[in-house]
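Remarks on the overall topology
The primary structure of each chain is shown beneath.
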Amino acid sequence: MSGVLPWVICPKENASFAATTSYSLVPKIRAQVRSHNSKGCSRLNFSSGVFAAASLSSAVANPPRSSVEKVYEVVLKQAALVKEQKKERALDVRKEKGQTDSMTRGDLLNGAYNRCGEVCAEYAKTFYLGTLLMTPERRRAVWAIYVWCRRTDELVDGPNASHITPKALDRWEQRLNELFEGRPYDMYDAALSNTVSKYPVDIQPFKDMIEGMRMDLKKSRYKDFDELYLYCYYVAGTVGLMSVPVMGIAPESKASTESVYNAALALGIANQLTNILRDVGEDARRGRIYLPQDELAQAGLSDEDIFNGKVTDKWRSFMKVQIKRARMFFDEAEKGVAELNDASRWPVWASLLLYKQILDSIEANDYDNFSKRAYVGKTKKFASLPVAYGRALMGGSSKFAKPARS
Ligand SMILES: CC(C)=CCC/C(C)=C/CC/C(C)=C/CC/C(C)=C/[C@@H]1[C@@H](COP(=O)(O)OP(=O)(O)O)[C@]1(C)CC/C=C(\C)CC/C=C(\C)CCC=C(C)C
Ligand SMILES: [Mn+2]
C-alpha cells in the first residue's frame with residue numbers, strides 16, 4: 001500500500017478493558033487443539049454452541065480472566081449501546097430531523113464521504129462494489145469506518161511505519177477522542193465524526209484497534225492462543241464490532257443483538273487468523289511469529305523451524321490444526337450474516353467467502369506458507385460473487401440465537 005493517506009496526529013489517552021463476564025469459546029478450542037496434538041489425529045470434536053455464554057463456577061474463586069472474557073465485555077457494551085439507541089429513537093423522532101445538516105456543512109461532509117469512497121475503491125475494490133448495494137447513508141458510513149481502519153493499520157504497516165512510536169499512537173488516539181466529541185481534525189475524521197454521531201457506534205473497538213497497533217510495536221511472539229486471540233480481536237475483531245451498528249440488523253431478525261455481534265467478532269478473528277497463516281513466511285522475515293508458542297512446542301516445532309521455512313510433516317500437522325480453528329471462526333461468523341439487513345449481507349458474504357478460500361489455497365500449496373503466498377485467483381474470485389449474492393438473497397433465518405432481540 002502506498003502512502004495516499006495523510007497522517008497528522010496529536011495527544012493521547014489509554015485504552016482499557018473492564019470485563020467481568022465469563023464466556024467460553026477459546027478455552028474449548030484450546031482444549032480441542034490440545035487433545036488433537038496429544039492424540040496426533042486430525043479430527044476435532046467441536047460441540048455445539050461454542051459461543052454460548054457460561055457462568056463462572058463458584059468453585060473457582062477469582063480465576064484469571066481469559067481474553068475471550070475480556071473481549072466479550074466489549075461485545076456486551078456495544079450491543080447495549082445499540083439497544084439503548086433504539087429506545088431513544090423510538091422516544092425522540094425529533095432527533096432525526098435535528099440531524100439535517102446546513103447546506104455548506106452538508107457539502108463539505110459529502111465531499112469528505114466521497115473521498116472516503118474513493119480511498120475504499122482504491123484499496124478494496126470488491127468490498128467497495130459490495131457497499132454500492134447498501135443504502136447511500138449506510139454505504140458512506142462504512143466507507144468512513146474503512147478509511148479510519150486503513151489509516152490506523154497503515155501507521156504500523158505503511159511506508160512510515162519505521163517512524164511510528166507509541167507516542168504517535170497516543171496522539172492518534174487523542175484525535176479519535178476528539179472526533180467522537182465532534183471535533184474532527186481533517187476531512188476523513190469529519191466523515192467518521194458524522195458517522196458516529198448518527199449510528200450507535202461505541203468508541204471502545206476503535207481504541208482497541210489502536211491498542212492492537214501498540215501491541216504490534218512491542219510484541220513479536222504469542223505465548224498461547226489466548227494472547228493471540230486478544231491480538232486478533234484488537235486488529236480485526238474490532239472491525240466487526242464497528243461495522244454492524246452501521247450495516248444494521250434485519251428488522252425481522254429474531255437473533256439477540258449480542259449473538260450478531262459475536263458473529264461479527266468471529267469474522268474479524270477468522271480473517272485475521274487466515275491473514276496470519278497466509279503470511280507466516282513474510283512475518284518471519286520481519287522477525288515475527290504470530291503463532292501460539294505453546295502449540296508450536298507441542299507440535300515439536302521451534303522458532304528456528306519457522307525461520308528455516310521447511311515444510312515438514314510436523315509443520316503440515318500443525319497447520320492443519322490452525323486452519324481448522326480458523327474455519328471454526330468462519331463457521332461461527334456465517335451464522336450471523338443472515339441476521340444483517342438484507343442490503344448489507346452481500347458485501348459481508350463476499351468478503352467472508354473470499355477470505356475463507358485463502359485457507360483452501362494454503363492447503364493447495366501443500367502448507368508452504370514460507371515461500372508461497374496463498375491467494376484467490378480472479379476466476380475463483382468472480383465465481384464467488386454470485387454465490388455470495390445468492391446467499392445474501394436467501395435471507396435471514398435466526399437459526400442460532402435466542403431469546404428474541406428486544
Ligand atoms: C463488509 C465488510 C467486510 C465490512 C468491513 C469494512 C471495514 C470497516 C474494513 C476495515 C478493514 C481494515 C482496513 C482493517 C485494519 C486492520 C486490518 C488490515 C485487518 C485485516 C484485514 C484484511 O486486510 P488485508 O488482507 O488487506 O491485510 P493486510 O493489511 O494487507 O495484511 C483483516 C484481516 C481484518 C478485517 C476484518 C474484517 C473485514 C471484519 C469484517 C466483519 C464484519 C464486517 C462483520 C460482519 C457481520 C457479521 C454478523 C458476520
Ligand atoms: Mn496490514
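Residues numbered from 1 in each chain as written. Chains lettered and ligands numbered in written order. Predicted model: local features only at pLDDT ≥ 70, side-chain atom pairs only at ≥ 80, totals over all residues. Heavy atoms only, no water.

Description of the overall build of the protein chain
Note the threshold: Secondary structure is summarised from DSSP: a helix means a run of H or I of at least four residues, a strand means a run of E of at least two, and numbering begins at the N terminus for each. Only protein chains enter the accessibility calculation, which uses a 1.4 Å probe; a residue whose area is less than 20% of its type maximum is buried, one above 50% is exposed, and one in between is partly exposed. In this analysis, two residues are considered to be in contact whenever any of their non-hydrogen atoms come within 4.5 Å of each other. The Shrake-Rupley method, run with a 1.4 Å probe, gives the accessible areas here. Residue values count only the displayed protein chains as cover.
In terms of regular secondary structure, the protein chain is built from 17 helices and two strands. Within the protein chain, buried positions represent 55% of all 406 residues. Counting contacts in the protein chain only where the partners sit at least 6 residues apart, residues at least 24 apart contribute 80% of the total. Element-wise, carbon and sulfur atoms account for 54% of the exposed surface of the protein chain, whose accessible area totals about 18400 Å².

Regarding the coordination of the manganese ion (ligand 2)
The condition is simple: Coordination partners: N, O, S within 2.8 Å of the metal, 3.2 Å for Na, K and Ca; water not considered, so apparent gaps in a site are possible.
Coordination sphere of the manganese ion (ligand 2), protein contribution only: D153 (OD) and D157 (OD), at 2.1 to 2.4 Å. Separated by four residues within a single helix, D153 and D157 lie in helix α6 (residues 136-157), roughly one turn from each other. Classification of D153 by relative accessible area gives partly exposed; the value is 22%.

Overview of the pattern of salt bridges
Keep this limit in mind: For this analysis, a salt bridge means a side-chain nitrogen from Lys or Arg found within 4 Å of a carboxyl oxygen belonging to Asp or Glu.
Across all of its chains, the model carries 31 salt bridges by this definition. For the salt bridge of R183 with E181, the shortest nitrogen-to-oxygen distance reads 3.0 Å. Of the residues examined, R183 reaches a relative accessible area of 46% and is grouped as partly exposed. Under the relative-accessibility criterion, E181 is labelled exposed at 52%. The partner of D313 in a salt bridge is R316, and the shortest N-O contact between them spans 2.8 Å. With D313 and R316 both in helix α15 (residues 313-337) and three residues apart, the pair spans about one turn of that helix. On the basis of relative accessible area, R316 is assigned to the partly exposed category, the value being 21%.

Details of the site of ligand 1
As a reminder of what qualifies: Note on terminology: near, applied to a residue and a molecule or strand, indicates that one of the residue's heavy atoms is within 4 Å of it. Polar contact is defined as a pair of N or O atoms within 3.5 Å, subject to the rule that within protein one atom must be able to donate a hydrogen and the other to accept it, and that residues adjacent in sequence are counted only when both atoms are side-chain atoms. Three categories are distinguished: nonpolar for Ala, Val, Leu, Ile, Met, Phe, Trp, Tyr, Cys and Pro, charged for Asp, Glu, Lys and Arg, and polar for the others, with Gly belonging to the last.
Neighbouring ligand 1 are 32 residues; F127, R150, D153, N275 and Y355 lie closest to it. Taking R150, its side chain carries an N or O atom lying 3.3 Å from an oxygen atom of ligand 1. Between an oxygen atom of ligand 1 and a side-chain N or O atom of D153, the distance comes to 3.3 Å. In isolation ligand 1 has 1000 Å² of accessible area, and contact with the protein removes 89% of it. Those elements that place two or more of their residues in the shell around ligand 1 are α6, α10 (225-247), α11 (257-278), α15 and α16 (342-364). Among the elements that line the shell around ligand 1, the one with the most residues is α11, at nine residues. In terms of residue class, the shell around ligand 1 is built from 20 nonpolar, eight polar and four charged.

A look at the packing of α15 against α16
Think of two packed helices as two axes; the pair is described by the angle between the axes and how far apart they sit. Put simply, the rule is: A fitted line through C-alpha atoms represents every axis, and for helices the fit uses only the stretch in contact; the resulting angles, taken between N-to-C directions, go from 0 to 180 degrees. With respect to orientation, any angle under 35 degrees is reported as roughly parallel, any angle over 145 as roughly antiparallel, any angle of 65 to 115 as roughly perpendicular, and every other angle as oblique. Here is the rule for handedness: rotate from the far helix to the near one, and if that takes an anticlockwise turn smaller than a right angle the crossing is left-handed, while a clockwise turn gives right-handed.
Following both chains from N to C, one finds α15 and α16 inclined at 165°, their axes separated by 11 Å at the closest point. Looking at the two axes, α15 sits roughly antiparallel to α16. Relative to α16, the crossing made by α15 is left-handed. Counted together, M319, I323, A326, R327, F330, D331, A333, E334 and V337 of α15 and R345, V348, W349, L352, Y355, K356, L359, D360, I362 and E363 of α16 form the full contact between these two elements. Taken together, the residues that form the contact of α15 with α16 break down as twelve nonpolar, no polar and seven charged.

Section: the packing of aromatic side chains
To be explicit about the condition: Stacked, tilted and edge-to-face are the three classes applied to pairs of Phe, Tyr and Trp rings, where Trp contributes its six-membered ring and a pair requires centres within 6.5 Å; stacked means planes under 30 degrees apart, edge-to-face means over 60, and tilted covers the rest. Whether a charge sits over a ring comes down to the Lys NZ or Arg CZ being within 6 Å of the ring centre and within 35 degrees of the ring normal.
Applying the stated rule across the entire model yields 15 aromatic pairs. When the centroid spacing of 6.2 Å and the interplanar angle of 15° are considered together, the rings of W148 and W172 count as stacked. Taken as a pair, W148 in helix α6 and W172 in helix α7 (residues 166-180) lie far apart in primary sequence, 24 residues in all. For the ring pair F225 and F329, a centre distance of 6.3 Å and an interplane angle of 45° mean the geometry is tilted. Within this pair, whereas F225 is found in helix α10, its partner F329 is found in helix α15, the two being separated by 104 residues in sequence. The same class applies to F225 as to F329, namely buried. Three or more aromatic residues joined by ring pairs make a cluster, and in this case those are W148, W172, F180 and F206. Note that R391 overlies the ring of W349, its terminal NZ or CZ placed 4.9 Å from the centroid.

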